[in-house]
Amino acid sequence: IRDRAEGVLEMVQFKLNRVPVEPITDKEFLVGCEIRNMDAFMSGIEKNYKNFSTETIDFVGRNYGTESRAVFELANENPELAEIVCEDGQILASVVYAVLNESAKTLNDILLRRTGIGNIGHPGETVLQKIANIAAKELNWDQTKRDRETEIVDAALRLPTE
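The numbering scheme is per chain: residues are counted from 1 as the chain's sequence reads. Where totals are concerned, whole chains, interfaces and linings use all residues; where local detail is concerned, this predicted model gives features only for residues with pLDDT of at least 70, and gives and counts side-chain atom pairs only at 80 or more. Side-chain metrics in this entry use all non-hydrogen atoms of the structure; hydrogen atoms and water are not considered.

Student: Before we move on, could you go through the packing of helix α5 (residues 93–101) against helix α7 (residues 125–139) and cite the residues and values that matter?
Tutor: How two helices sit against one another is set out by the angle between their axes and by the gap between those axes. Axes, fitted as lines to C-alpha atoms, cover a helix only where it is in contact. Angles between the N-to-C directions of the axes lie from 0 to 180 degrees. Secondary structure elements are defined from DSSP: runs of H or I of at least 4 residues count as helices, runs of E of at least 2 residues count as strands, and each element is numbered from the N terminus. Across the interface, α5 lies against α7 with an axial gap of 9 Å and an inter-helix angle of 30°. Here α7 runs roughly parallel to α5, going by the angle between their axes. The element α5 and its partner α7 pack so that their crossing is right-handed. For the pair formed by α5 and α7, the contact residues are Val-95, Val-96, Val-99 and Leu-100 on the first element and Ile-131, Ile-134, Ala-135, Glu-138 and Leu-139 on the second. Here the contact of α5 with α7 is built from residues that sort into 8 nonpolar, no polar and 1 charged. Small angles under 35 degrees read as roughly parallel and large ones over 145 as roughly antiparallel, with 65 to 115 read as roughly perpendicular and the rest as oblique. Crossing handedness: left-handed means the near helix sits turned counterclockwise from the far one by under a right angle, and right-handed means the same turn made clockwise. Residues are treated as being in contact if the distance between any of their heavy atoms lies within 4.5 Å. Residues are grouped as follows: Ala, Val, Leu, Ile, Met, Phe, Trp, Tyr, Cys and Pro are nonpolar; Asp, Glu, Lys and Arg are charged; all remaining types, including Gly, are polar.

Dropping the structure here:
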């Protein structure tokens, strides 16, 4: 993706008759990735968040990196968000995090891009409804919008029957 972005930037600079600027993003850490020693980092998370399962600590630590504190704190502030929604240990707090910190605006985006909850298949009706309710609250959706978003994701996650 970074290569494509650099290619687009070069094309824009060319079309605007600008002197090409040397990209620097390949030397920058992505948000959450500023970890020099992963073993030490994970040990710190295990010590600080003992109230979470081993799977959740592992999942959140490895997927959110230095941003994992924000996910755990959301769950600590609202115990309902500490519920595990996938066998990999992911928790509902990741849905709120996706809206607040990753600009997620649709249920499809939340399940398939930001959290990946839907990437291993349909999470089940119960989990889908919980996620939809949280998203609706965070994004100020009315019932009609919430139902429509749920229908779209449900259809996207269902296997074709023929």
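Student: Just give me the short version of the packing of helix α6 (residues 107–114) against helix α8 (residues 143–157), but keep the residues and values in it.
Tutor: It is at 8 Å that the axes of α6 and α8 come closest, and there the two elements cross at 40°. Accordingly, the angle class assigned to the pair α6 and α8 is oblique. From α6, Leu-107, Asn-108, Leu-111 and Leu-112 reach across to α8, where they touch Glu-149, Thr-150, Val-153, Ala-156 and Leu-157. Of the residues assigned to the contact of α6 with α8, the class counts are 6 nonpolar, 2 polar and 1 charged.

Student: Lay out the layout of surface pockets in plain terms, naming residues and giving numbers.
Tutor: Buriedness for pockets is judged along seven lines, at least five of which must meet protein on both sides within 12 Å for an open set on the 1 Å grid over protein atoms alone, while cavities are sets there where a 1.4 Å probe fits but cannot get out, and lining residues have an atom within 4 Å of a point. Grid points are joined across faces, edges and corners, and a volume is the space filled by probe spheres set on the points. Estimates place the volume of the second largest pocket at around 160 Å³. Lining of the second largest pocket is provided by Leu-74, Glu-77, Asn-78, Glu-80, Leu-81, Val-96, Asn-133, Ile-134, Lys-137 and Glu-138. Those elements that place two or more of their residues in the lining of the second largest pocket are α4 (68–77) and α7. No other element matches the 4 residues that α7 contributes to the lining of the second largest pocket. Of the residues belonging to the lining of the second largest pocket, the class tally is 4 nonpolar, 2 polar and 4 charged.

Student: Break down the confidence of the model for the chain for me, citing the residues and quoting the values.
Tutor: Counting all residues, the mean pLDDT for the chain is 88, and 91% of those residues have values of 70 or more. Element-level mean pLDDT values for the chain span from 80 in helix α1 (residues 2–15) up to 97 in α5. Per residue, pLDDT measures the predictor's confidence, with a range of 0 to 100.

Student: Can you break down the nonpolar core residue by residue, with the values?
Tutor: For our purposes a nonpolar core is just a set of buried Ala, Val, Leu, Ile, Met, Phe, Trp, Tyr and Cys residues, chained together by side-chain atoms within 4.5 Å. Relative accessibility decides the category of a residue: with a 1.4 Å probe and only protein chains considered, values under 20% of the type maximum give buried, values over 50% give exposed, and everything between is partly exposed. Counting 40 residues, the largest nonpolar core has Leu-107, Leu-111 and Ile-131 as its most contacted members. Counting residues per element, this core draws most heavily on α7, at 8 residues. Once residues lying within four places of it in the same chain are set aside, the contact partners of Ile-131 are Leu-92, Val-95, Leu-107, Ile-110, Leu-111 and Ile-117.

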